Amino acid sequence: MSILTAFLSLVVEFAVGYPAWLFGTIGHPVTWFGRLISFLDRRLNRDTDSDALRRRRGVHALLIIVLVPAAIAFALETMLSGIPAGLVLTAILATSLLSQKSLAEHVESVADGLDNGGLDIGRAAVSRIVGRDPEKLDRAGVCRAAIESLAENFSDGVVAPVFWIGVGGLAGGVAYKAANTADSMIGHRTARHEAFGRAAARFDDLINLPASRLTALLIVGASFFVKGADAGNAWRTVQRDATKHRSPNAGWPEAAMAGALGLALAGPRSYDGVMVNDAFMGEGGHRDAESADIRRALKLYRVADFLLIALFGLLSVIVIAA
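Further remarks concern the packing of helix 4 (residues 51–80) against helix 8 (residues 139–186). In the contact formed by helix 4 and helix 8, the axes pass within 8 Å of each other and the chain directions differ by 155 degrees. Comparing the axis directions of helix 4 and helix 8 gives the class roughly antiparallel. The handedness of the crossing between helix 4 and helix 8 is right-handed. The segment helix 4 lies against helix 8, with Ile-65, Val-66, Pro-69, Ala-70, Ala-73, Phe-74 and Glu-77 engaging Gly-169, Leu-170, Ala-171, Val-174, Ala-175, Ala-178, Ala-179 and Ala-182.

Below is the structure:
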């Protein structure tokens, strides 16, 4: 019933998201994972240790980060399976692993900020969803950053967790989200985390491979239904540019979005004062993005998300009928 759990969680989270009152009361799974990761980082990642030892301890930390929450989730799902409404309750728990609603809201706030408050408000809004230096972004840079974040987080925050829920139930989704949180916290190529976070970064690359490709296909598919989007160019851009990205996964949804909208995304950008020279996704597209392009990207995202829900709905029907 993992496929059905995935489908129900998509439908419920699309409708209600993760309520602010619930976050204020108990926090969120990502914050819980974050506390565990921070604890292990403090205890196991010592500056005086050799890189080899830090790499080994990084593997040990990753195993704890992934397996402990997954074991708790498996026990919960097993208990719930014994009661009449267990499937629905499991799906409701799984909604906490998805971010369909909040992703759209955060990206839309960037467009609203630019339109209603100007560049400084737009920079403040985009700083909540990207890691690059917002003060160095002009208006077009803010718009491109928001669109890139939308494409990448559609993969990481929606498609990937629901894929792993469909594969492994609640435990599969929790394991994915814990590993993805570890990558975002310790999977950076910094002096502190280059060695310790290596396992987390490599594992996150691996588990995001199927979702990133599926996300690109969903965006290409959505381009057939959104006025002004170019499905053919989206597909060609994915084939040409996706593998040029420094990430083995981010390039796929970003290239699809860039091609569909006729934009040039990614390229050189600054993180914590350090320039990253990355390839362009959609090379030849225009760079002077505007808030209207963010809203077009959001239309693509919403249609692609509907296609994802429909896909899991179809799979659920097939599983039930089998």
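Here we come to the pattern of salt bridges. Enumeration over the complete set of coordinates arrives at 16 salt bridges. Across the pair Asp-41 and Arg-192 runs a salt bridge, and its minimum N-O distance is 3.3 Å. Taken together, the residues span a long stretch of sequence, with Asp-41 in helix 3 (residues 29–44) and Arg-192 in the loop between helix 8 and helix 9 (198–207) at a distance of 151 residues. Given a relative accessible area of 10%, Asp-41 falls into the buried group. One salt-bridge network, in which partners are shared between bridges, spans Glu-108, Asp-112, Asp-115, Arg-139, Glu-290, Arg-295 and Arg-302.

Let us now look at the environment of Ala-304. Checked against the element boundaries, Ala-304 lands in helix 13 (residues 291–321). For the pair Ala-304 and Pro-210, spaced 94 residues apart in sequence, the C-alpha separation works out to 16 Å. Those residues in contact with Ala-304 that sit more than four places away from it in its chain are Phe-154, Leu-218, Ile-219 and Ala-222.

What follows deals with the side chain of Thr-181. The topology assignment puts Thr-181 in helix 8. Sequence-distant contacts of Thr-181, defined by excluding residues within four places in its chain, comprise Val-30, Phe-33, Gly-34 and Ile-37.

With that settled, consider helix 12 (residues 251–261). For helix 12, the buried fraction is high: 11 of the 11 residues fall into the buried class. The complete set of buried residues in helix 12 reads Gly-251, Trp-252, Pro-253, Glu-254, Ala-255, Ala-256, Met-257, Ala-258, Gly-259, Ala-260 and Leu-261. Of the surrounding elements, those touching the buried residues of helix 12 are helix 8, helix 10 (209–223), helix 11 (231–241), strand 1 (265–266), strand 4 (280–281) and helix 13. At the C-terminal side of helix 12, Gly-262 shows a positive phi close to 70 degrees.

The rules behind each value
- Residues numbered from 1 in each chain as written.
- Predicted model: local features only at pLDDT ≥ 70, side-chain atom pairs only at ≥ 80, totals over all residues.
- Heavy atoms only, no water.
- Axes fitted to C-alpha atoms, helices over the stretch in contact; angles between N-to-C directions.
- Helix = DSSP H or I, 4+ residues; strand = E, 2+ residues; numbered from the N terminus.
- Parallel < 35°, antiparallel > 145°, perpendicular 65-115°, else oblique.
- Left-handed = near helix turned anticlockwise from the far one by under 90°.
- Contact = heavy atoms within 4.5 Å.
- Salt bridge = Lys/Arg side-chain N within 4 Å of Asp/Glu carboxyl O.
- Buried < 20%, exposed > 50% of the residue type's maximum accessible area, 1.4 Å probe, protein only.

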